[in-house]
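# Fold and geometry: a report
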Amino acid sequence: MSPDTKTRSWIGWDAPRERFLLTGFLRPGQERTVLLELTARIAFPTVLVLSLYLLFAGHDRAGGGFSGGLVAGQAFVLRYLAGGRLDDSSTVPLRPPVLIGIGLTIATVASFVPLLAGGQVLESAIYKFTLPLLGQIKLVTSVVLDTGVYLLIVGVVLDLLRTLGSGIEADVDAAAREQAR
């Protein structure tokens, strides 16, 4: 074993070897925080499921598209803190302005669709039906509007992380260059 190989093994001995533990990208010039990355990997899908619960339970209970979108946004903030800007872009394949546009379009269309049936703007209907294994299902049409709001809020949070986060990373890079002089 050469001295260089021995030194390298001491440097990266605590780096995670399994792919699911990695955030995917290492911030340049910063050390990896394995505990934060692992916590983010475990908490991210759990928080997203909670946000979906809030989205669908919002008609009868606390929650809705705005609350669910904010909770999902917090999951992306945690992911950003663990892996940086590049990690967020690998999680959501759409650019944030596209996500904002899709959410706004869904919310706008869902709010005007009742006019086609002779109703009022933002009017919702409740449909109840029975499925063999699931039992009675209650479908409220306002969940479509909530889904649009959910996507809109997630897009805004991702856009804020992208714009503000890139500024913070640029400041960190500038400070590191200044110290190197």
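Described below are features of the structure shown in this document. From a predicted model like this one, the values you see are computed outputs, not experimental measurements.

## Concerning the overall build of the chain
Within the chain one finds six helices and two strands. For the chain, the residues scored as buried account for 27% of the 181 residues in total. Contacts in the chain between residues far apart in sequence, at least 24 positions, make up 60% of those at least 6 positions apart. When the accessible surface of the chain is split by element, carbon and sulfur atoms take 67% of a total near 12000 Å².

## Structural notes on helix α3 (residues 65–83)
Counted at 1.5 Å a residue, the expected span for α3 with its 19 residues is 27 Å, and the 26 Å between its end C-alpha atoms agrees. If you check which residues of α3 are buried, you get G65, G68, G69, A72, G73, A75, F76, R79, Y80, A82 and G83. Positive backbone phi, at 90°, marks G84, one or two positions downstream of α3.

## A closer look at the pattern of salt bridges
For the coordinates displayed, the defined rule picks out one salt bridge. The residue R162 makes a salt bridge to D159 at a minimum N-O spacing of 2.9 Å. With R162 and D159 both in helix α6 (residues 142–180) and three residues apart, the pair spans about one turn of that helix. Exposure remark for D159: the relative accessible area of 21% places this residue in the partly exposed category.

## Focus on the environment of G155
Checked against the element boundaries, G155 lands in helix α6. The buried category is assigned to G155, whose relative accessible area is 0%. With 53 residues separating them along the chain, G155 and I102 place their C-alpha atoms 9.2 Å apart.

## Notes on the pairing of strand β2 (residues 135–140)
Note that strand β1 (residues 126–131) and β2 share six bridges and pair antiparallel. The residue bridging F129 from the neighbouring strand is I137, located in β2. Adjacent in sequence and paired antiparallel, β1 and β2 are bridged by three residues.

## Examining unusual backbone geometry
Backbone geometry places L122, a non-glycine residue, at a positive phi of 70°. Mapping L122 onto the fold places it in the loop between α5 (96–116) and β1. Judged by its relative accessible area of 56%, L122 falls in the exposed class.

## What about a nonpolar patch on the surface?
Side chains of Y127, F129, L131, L133, L134 and L139 sit close together on the surface and give an oily, nonpolar patch of about 650 Å² of accessible area. Looking at which element gives the most residues to the nonpolar patch, the answer is β1, with three residues. Structurally, L139 is set in strand β2.

## Observations concerning helix α2 (residues 34–57)
If you check α2, its first and last C-alpha atoms are 35 Å apart, about what 24 residues at 1.5 Å a residue would give, namely 34 Å. Of all the bends in α2, the greatest reaches close to 30° and is centred on A43; the proline P45 follows between one and four positions later. Among all positions in α2, only E37, A40, F44, S51, L54, L55 and A57 are buried.

## Observations concerning the packing of α2 against α3
Following both chains from N to C, one finds α2 and α3 inclined at 170°, their axes separated by 8 Å at the closest point. Of the possible angle classes, the one that applies to α2 and α3 is roughly antiparallel. When the residues that make up the contact of α2 with α3 are grouped by side-chain class, the tally is 16 nonpolar, five polar and three charged.

Here is what the cut-offs are and how they apply
- Residues numbered from 1 in each chain as written.
- Predicted model: local features only at pLDDT ≥ 70, side-chain atom pairs only at ≥ 80, totals over all residues.
- Heavy atoms only, no water.
- Helix = DSSP H or I, 4+ residues; strand = E, 2+ residues; numbered from the N terminus.
- Buried < 20%, exposed > 50% of the residue type's maximum accessible area, 1.4 Å probe, protein only.
- Contact = heavy atoms within 4.5 Å.
- Areas by Shrake-Rupley, 256 points an atom, 1.4 Å probe, with all protein chains shown as cover.
- Expected span 1.5 Å × (residues − 1).
- Salt bridge = Lys/Arg side-chain N within 4 Å of Asp/Glu carboxyl O.
- Pairing = 2+ DSSP bridges.
- Patch = residues over 30% accessible without salt bridge, like charges linked within 9 Å, V, L, I, M, F, W, Y side chains within 5 Å.
- Bend = angle between axes of the 7 residues up to and from the residue.
- Axes fitted to C-alpha atoms, helices over the stretch in contact; angles between N-to-C directions.
- Parallel < 35°, antiparallel > 145°, perpendicular 65-115°, else oblique.
- Nonpolar A, V, L, I, M, F, W, Y, C, P; charged D, E, K, R; others polar.

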